[in-house]
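What follows is each chain in one-letter form.
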Amino acid sequence: MAESWRDSALRMKGGVIGLARLSAPRGTADIMPQEARRWQELERVARQVFEAYGYGEVRTPIFEYTELFQRGIGEATDVVDKEMYTFRDRADRSLTLRPEGTAGVVRAYLEHRLDGAAQPAKLYYLGPMFRYERPQAGRARQFHQLGAECIGTSDPAADVEMIGMLAGLLRRLGLDGFEVRLNSIGCPRCRPAYVARLREAVASVVEQLCPSCRERYHRSPLRLLDCKRESCQRLTAGVPVLLDALCDECHGHFRQVRQHLDDLEIEYRLWPRLVRGLDYYTKTVFELISPDLGAQDALGGGGRYDGLVETLGGPPTPGVGFAAGMERILLALAKSRPQETASGIDAFVAHHGAEGRRAAVRIAARLRDAGLRVEIDYLNRSLRAQMKQADRQRARAVVIVGEDEAAREAARVRDMETGREQEVPESNLLHVLAQGGN
Ligand code: AMP
């Protein structure tokens, strides 16, 4: 049996009686009720936007066989190479906490034979992801993404649907001022020749690049382009860019993506050094950047992955998707608009005397069953202290039940805005409160 929280706390203290104070693991965070409201609002709006575009929710496991990510994301990526939470289960299988959503969604698409159903399949998800990264502002080890995948079409309009959907979601939440960065990273037909040219162009300065870039030079040279170090950027400033090396098909596809963006009046900046961290991308890649987030400024990003379904054992199937960081969206929102104060409750049920208390418990339960937000005192406070508590909780009304009211099966209702009070029979309470106090 797993060691209980209490046992482990005792063990940590070397068996000394008394509990060690534990904290959440590094890089994780609790979402406490006040903040959870903002999460719920984000989730609500996201679902609304996804559904408007015809996407259905998919909930995949938070762990998968490790091989899924090795094959899907690519062994040479930072995510697979350095950042995965991988462990063996009791039957010695290698499992990994999902570092991103796309691989699992594509696995589910194949496992549930969506490739045989009407195309494209349009799926969205919301949930936690796990990456062993160095925690800092905007970067956690357990973080949350919302994302969408459109599998089974290579239409450039689908690429633009992704960008439009994410931009629309952010705007609907009240965020603007973000920047859309766009690039095309070609396909297996045009990329190898470009990569060869890139290697050639960088060859003479490899030894001066940072250790990560020296490794990238050999394992995933495209990523040389997005190193954040100024010294590396300077050394690679003059290298050829992929946009000038696209094959006719990729070039034509990209032209149509840009046309659709113009038609939809979605502003964007061409960003020839945008390559994104995962191996599966082809053609269109994009990121939405916030000016309010400091070093970790990407709200979300995505792109086309025409080879991924096949890599995971399915038929050749194009696809496009995006993922956005929910913490980052909330962080940007908090910076761009003042926090709203918490909403209040419909009624606080105050009581005194044993019979008053019994009646109050019953009344609170009935009102809650009817859907009102109701609080009640469980700390034997004085009536005065209960009134204060009602005020703190911003109750619209207080329902007061003492011995006398309980005997008459009634309660006094005080409207907290006007201060007016009236006696109301218990059977009529819901009606009166639903009308707004008095
Ligand atoms: P990616 O596909 O890696 O670009 O991730 C998509 C989005 O998820 C990013 O733009 C971020 O908003 C968010 N994200 C990625 N990694 C982290 C992390 N470690 N902590 C918080 N958010 C993250």
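Residues numbered from 1 in each chain as written. Predicted model: local features only at pLDDT ≥ 70, side-chain atom pairs only at ≥ 80, totals over all residues. Heavy atoms only, no water.

Observations concerning the overall build of the protein chain
Helices and strands together make up the secondary structure of the protein chain, namely 16 helices and 16 strands. Taking 438 residues into account, the globule formula puts the C-alpha radius of gyration at 22 Å, and the protein chain, at 28 Å, lies well above it. Taking all 438 residues of the protein chain together, the buried fraction comes to 48%. Restricting the contact set of the protein chain to residue pairs at least 6 apart, pairs at least 24 apart contribute 67%. In the structure as shown, the protein chain presents an accessible area of about 22,800 Å², 48% of it carried by carbon and sulfur atoms. Positive and negative charge centroids in the protein chain, built from 63 and 61 side chains respectively, lie 4 Å apart. (Helix = DSSP H or I, 4+ residues; strand = E, 2+ residues; numbered from the N terminus. Rg over C-alpha atoms; globule rule 2.2 N^0.38 Å. Buried < 20%, exposed > 50% of the residue type's maximum accessible area, 1.4 Å probe, protein only. Contact = heavy atoms within 4.5 Å. Areas by Shrake-Rupley, 256 points an atom, 1.4 Å probe, with all protein chains shown as cover. Lys, Arg positive; Asp, Glu negative; His and termini not counted. Charge placed at Lys NZ, Arg CZ, Asp CG, Glu CD.)

So, the domain arrangement of the protein chain
Accessible area lost during the coming together of the parts is what is often quoted as the interface size. Split by domain assignment, the protein chain resolves into domain 1 (33-190 + 246-336) and domain 2 (347-434). Computed from C-alpha coordinates alone, the two centres of domain 1 and domain 2 are separated by 49 Å. (Domains from an automatic or database assignment.)

A short note on the nonpolar core
In terms of nonpolar packing, the biggest core is built from 97 residues, with Phe50, Leu146, Met162, Val202, Phe322 and Ile329 touching the most fellow members. For this core, the element with the most residues is helix H6 (residues 156-173), which contributes 10 residues. What Phe50 contacts, discounting residues up to four positions off in sequence, is Tyr55, Tyr124, Leu146, Gly147, Ala148, Met165 and Phe322. Grouped together as the second largest cluster of nonpolar side chains are 20 residues, Ala364, Leu372, Ala411 and Val432 included. (Core = buried A, V, L, I, M, F, W, Y, C linked by side-chain atoms within 4.5 Å.)

A closer look at the sheet that holds strand S14 (residues 395-401)
Remark on secondary structure: sheet strands pair via backbone hydrogen bonds, oriented parallel or antiparallel. Taken in spatial order, the five strands make up an open sheet running S13-S12-S14-S15-S16, and their pairing is mixed. A single partner strand is all that each edge strand has here, and the edge strands are strand S13 (374-376) and strand S16 (421-425). The mean angle between the axes of side-by-side strands here comes to 25°, regardless of whether they run parallel or antiparallel. In the packing of helix H14 (residues 383-392) onto the sheet, the strands contacted are strand S12 (345-351), S14 and strand S15 (410-415), and the crossing angle to S12 comes to about 175°. (Pairing = 2+ DSSP bridges. Axes fitted to C-alpha atoms, helices over the stretch in contact; angles between N-to-C directions.)

Quick notes on the site of the ligand
Residues in contact with the ligand amount to 14 residues; listed here are only the nearest, Arg131, Glu133, Ala140, Arg276 and Ala298. A distance of 3.0 Å is found between an oxygen atom of the ligand and a side-chain nitrogen or oxygen belonging to Gln145. Within the contact set of the ligand, an oxygen atom lies 2.8 Å away from a backbone nitrogen or oxygen of Ala298. Considered on its own, the ligand offers 480 Å² of accessible surface; in the complex 90% of this is hidden by protein. Where the shell around the ligand is concerned, the elements lending two or more residues are strand S6 (142-151), strand S10 (298-304) and strand S11 (319-325). Classifying every residue of the shell around the ligand gives five nonpolar, four polar and five charged. (Near = heavy atom within 4 Å. Polar contact = N/O pair within 3.5 Å; in protein donor to acceptor, adjacent residues only side chain to side chain. Nonpolar A, V, L, I, M, F, W, Y, C, P; charged D, E, K, R; others polar.)

Re the packing of aromatic side chains
Under the defined criterion, the tally for this structure stands at six aromatic pairs. Taking the centre distance of 4.6 Å and the plane angle of 25° together, the rings of Phe50 and Tyr124 count as stacked. With Phe50 in helix H2 (residues 33-52) and Tyr124 in strand S5 (residues 121-130), this residue pair connects regions lying 74 residues apart in the sequence. For the pair formed by Phe50 and Tyr124, the shared burial category is buried. Note on Tyr280 and Tyr305: the rings are 5.8 Å apart at their centroids and 70° apart in plane angle, and the pair reads as edge-to-face. You can see Tyr280 sitting in the loop between strand S8 (269-270) and strand S9 (282-289) and its partner Tyr305 sitting in the loop between S10 and helix H11 (308-311), a full 25 residues away along the chain. (Phe/Tyr/Trp six-rings, centres within 6.5 Å; stacked < 30°, edge-to-face > 60°.)

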